[in-house]
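# Geometric and topological summary
Residues per chain are reported as follows:
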Amino acid sequence: MIRQDALIEVTRGVHERLLHRVDARQLDALPRAERRLRVREEALALLREQGHMLPQQALARVVNEVSDAVVGMGPLEFLLKDPEVTEVMVNGPDDVYVERKGRIEKVVGRLFEGEEAVLHVIERIVAPLGLRVDATSPWVDARLPDGSRVHAIVPPLSLCGPVLNVRKFSSVPLGADSLVANGTLGPRMLAFLAACVRWRANLLICGGASSGKTTLLGALSSFVQDGERVVTIEDAAELRLAKPHVIGLEARPASVEGRGEVTVRDLVRNALRMRPDRIIVGEVRGGEALDMLQAMNTGHDGSLSTAHANSSRHALWRLETMALMSDVDLPVDHVRAQVASAIDVVVQTARLRDGRRVVHQIASVDGLDDAGDPIVTEMFAFRRRVGPHGAFLCAGVVPPLVLSLHERGAELDPRMLEPGADESVR
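Residues numbered from 1 in each chain as written. Predicted model: local features only at pLDDT ≥ 70, side-chain atom pairs only at ≥ 80, totals over all residues. Heavy atoms only, no water.

### Some details on helix 9 (residues 213-220)
Every buried residue of helix 9 is accounted for by Lys213, Leu216, Leu217, Ala219 and Leu220. For helix 9, the buried positions fall inside an angular range of 165° around the axis, keeping them on one side. (Buried < 20%, exposed > 50% of the residue type's maximum accessible area, 1.4 Å probe, protein only. Helix = DSSP H or I, 4+ residues; strand = E, 2+ residues; numbered from the N terminus. Arc of directions from axis to C-beta.)

Listed below in structure tokens is the structure:
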């Protein structure tokens with residue numbers, strides 16, 4: 001049986017020789033599958049030339065590790081291939097965690113030999129995109145070919161060495177029925193939100209990081225009519241809409257020279273000139289909020305977006321603050337009125353302590369009260385202490401939004417808004 005340290009030396013030697021033997025530019029020009037095949041063939045050829053006689057299992061390990069290091073994500077490759085892993089977090093070379101089924105777990109064992117190995121993986125990700133990470137440009141956001149989102153930050157900003165986060169992208173997005181089946185929301189909640197999307201209410205989905213906002217947004221977009229022209233705008237493209245007429249726009253960071261940046265706000269303004277029936281903004285973060293509100297208030301109804309916020313009311317405050325960040329000097333009262341007029345429904349998502357993601361609240365926005373504050377009416381809510389696993393409850397209220405949906409042609413089942421519990425979380 002071959003010693004572990006001896007196998008590591010063989011792998012390192014093959015890797016170093018292969019890098020000198022294969023032209024990196026020619027390799028990058030090949031399709032991804034062909035790149036990996038070419039590297040595996042070269043690795044096997046080098047092993048034969050060096051006279052290494054390895055058992056089948058050890059041979060496969062060496063070839064796979066060399067292939068992962070040259071055309072993959074190195075020691076992270078096996079984690080990224082795990083279907084249960086949704087995020088990989090590297091906090092320096094000795095500290096790696098993953099999120100699996102909503103829970104964070106520490107990866108046992110040392111995956112990287114040192115900080116240089118982590119930097120090498122980061123470089124492999126960002127270099128093909130024309131980006132770099134070093135002391136003068138110490139952080140980067142990027143997207144892998146499969147849509148997965150990557151963020152890296154290195155010293156001197158990071159005090160624990162190079163830090164890397166990879167949020168995996170699912171090639172098969174969860175459908176609306178799947179969200180009901182896994183207990184993300186109740187069937188009456190889904191029926192109400194489906195009617196809101198079909199009949200062109202403006203929805204804002206809010207929640208904390210990794211609470212399922214984008215997943216819910218993608219699922220609700222399935223209720224958009226096939227004949228509508230939809231423009232999606234994202235900082236890093238994640239949405240995959242199964243609709244025939246979709247134009248996807250993605251923001252672009254500045255180049256290494258500091259030029260060429262295209263912001264989400266730039267894209268929102270461009271989208272307004274593209275004759276959209278709907279505009280879907282993946283996440284509102286800044287001054288683009290004002291452009292989006294104005295679009296919603298001037299005929300582009302049925303728009304959807306997400307924002308980071310801890311409650312429905314907090315989401316409206318955040319939207320107001322972000323709109324005030326624009327370069328247009330408007331009174332606060334005017335912006336607040338625009339928010340209350342534009343947003344019809346706020347959907348709050350949350351991640352529970354056991355890792356489950358649920359729709360925590362659905363609330364309608366019914367204009368302003370006498371004090372000038374938005375009227376937020378809770379329609380559905382998740383209650384953790386009802387039943388063994390919590391339950392989705394309907395408050396039984398019928399806000400003005402429901403009448404508006406009826407006027408647009410929606411036929412809502414009266415039982416949809418009856419007070420009481422929906423199906424429990426499974």
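### Section: the packing of aromatic side chains
Taken as a whole and judged by the stated rule, the model has two aromatic pairs. Look at phenylalanine 192 and phenylalanine 380: their rings are 5.9 Å apart centre to centre, the planes differ by 45°, and that puts the pair in the tilted class. Placement of phenylalanine 192 in helix 8 (residues 187-198) and of phenylalanine 380 in strand 14 (residues 374-383) is noted, with a sequence separation of 188 residues between them. As far as the burial class goes, phenylalanine 192 and phenylalanine 380 line up, both buried. Ring geometry for phenylalanine 382 against phenylalanine 392: centres 5.3 Å apart, planes inclined by 50°, an arrangement best described as tilted. Placement of phenylalanine 382 in strand 14 and of phenylalanine 392 in strand 15 (residues 391-394) is noted, with a sequence separation of ten residues between them. Taking relative accessible area as the criterion, phenylalanine 392 reaches 1% and is therefore assigned buried. (Phe/Tyr/Trp six-rings, centres within 6.5 Å; stacked < 30°, edge-to-face > 60°.)

### Here we look at the packing of helix 12 (residues 312-324) against helix 13 (residues 332-342)
Any two packed helices are characterised by how steeply their axes cross, that is the angle between the axes, and by the distance between the axes. Put simply, helix 12 and helix 13 touch, their axes get as near as 9 Å, and they point 130° apart. Taken together, the axis directions place helix 12 and helix 13 in an arrangement best described as oblique. Handedness of the crossing formed by helix 12 with helix 13: right-handed. For the pair helix 12 and helix 13, the contacting residues are Leu316, Leu319, Glu320, Ala323 and Leu324 in the first and Val332, Val335, Arg336 and Val339 in the second. Partitioned by chemical class, the residues of the contact of helix 12 with helix 13 number seven nonpolar, no polar and two charged. (Axes fitted to C-alpha atoms, helices over the stretch in contact; angles between N-to-C directions. Parallel < 35°, antiparallel > 145°, perpendicular 65-115°, else oblique. Left-handed = near helix turned anticlockwise from the far one by under 90°. Contact = heavy atoms within 4.5 Å. Nonpolar A, V, L, I, M, F, W, Y, C, P; charged D, E, K, R; others polar.)

### A word on the pairing of strand 7 (residues 203-207)
For strand 7, the tally of buried residues reaches five of five residues, placing the bulk of the element in the interior. Judged by which residues are buried, strand 7 turns out to be covered on both faces: Leu203, Ile205 and Gly207 on one side and Leu204 and Cys206 on the other are all buried. Where strand 7 and strand 12 (residues 345-351) come together, five bridges link them in parallel fashion. Residue pairing in the sheet places leucine 203 in a bridge with valine 345 of strand 12. (Pairing = 2+ DSSP bridges.)

### Observations concerning the nonpolar core
Proteins that are soluble and globular tend to have nonpolar side chains buried together. The biggest cluster of nonpolar side chains holds 44 residues, and the ones touching the most others in it are Phe192, Leu193, Leu203, Leu220, Val347 and Ile362. Filtering out sequence-adjacent residues up to four positions away, phenylalanine 192 remains in contact with Ile362, Met379, Phe380, Leu401, Leu405, Met416 and Leu417. If you look at the next biggest cluster of nonpolar residues, it comprises 34 residues, including Ala251, Met322, Ala340 and Val365. (Core = buried A, V, L, I, M, F, W, Y, C linked by side-chain atoms within 4.5 Å.)

### Notes on the packing of helix 11 (residues 288-296) against helix 13
Here helix 11 crosses helix 13 at 55°, and the two axes come no closer than 9 Å. In terms of orientation, helix 11 and helix 13 fall into the oblique class. The chirality of how helix 11 crosses helix 13 is left-handed. Facing Leu290, Leu293, Gln294 and Met296 of helix 11, the residues of helix 13 in contact are Gln338, Val339 and Ala342. For the contact of helix 11 with helix 13, a count of residues per class yields five nonpolar, two polar and no charged.

### A few points about the pattern of salt bridges
One pass over the structure, following the stated rule, counts 24 salt bridges. Arginine 351 serves as the salt-bridge partner of glutamate 99, at 2.5 Å between the closest nitrogen and oxygen. On the criterion of sequence distance, the pair formed by glutamate 99 in strand 2 (residues 96-100) and arginine 351 in strand 12 is long-range, its members being 252 residues apart. With a relative accessible area of 4%, glutamate 99 lands in the buried category. With its nearest N and O atoms 3.1 Å apart, the salt bridge here joins arginine 200 to aspartate 301. Separated by 101 residues along the polypeptide, arginine 200 in the loop between helix 8 and strand 7 and aspartate 301 in the loop between helix 11 and strand 11 (304-308) bring together distant segments of the chain. (Salt bridge = Lys/Arg side-chain N within 4 Å of Asp/Glu carboxyl O.)

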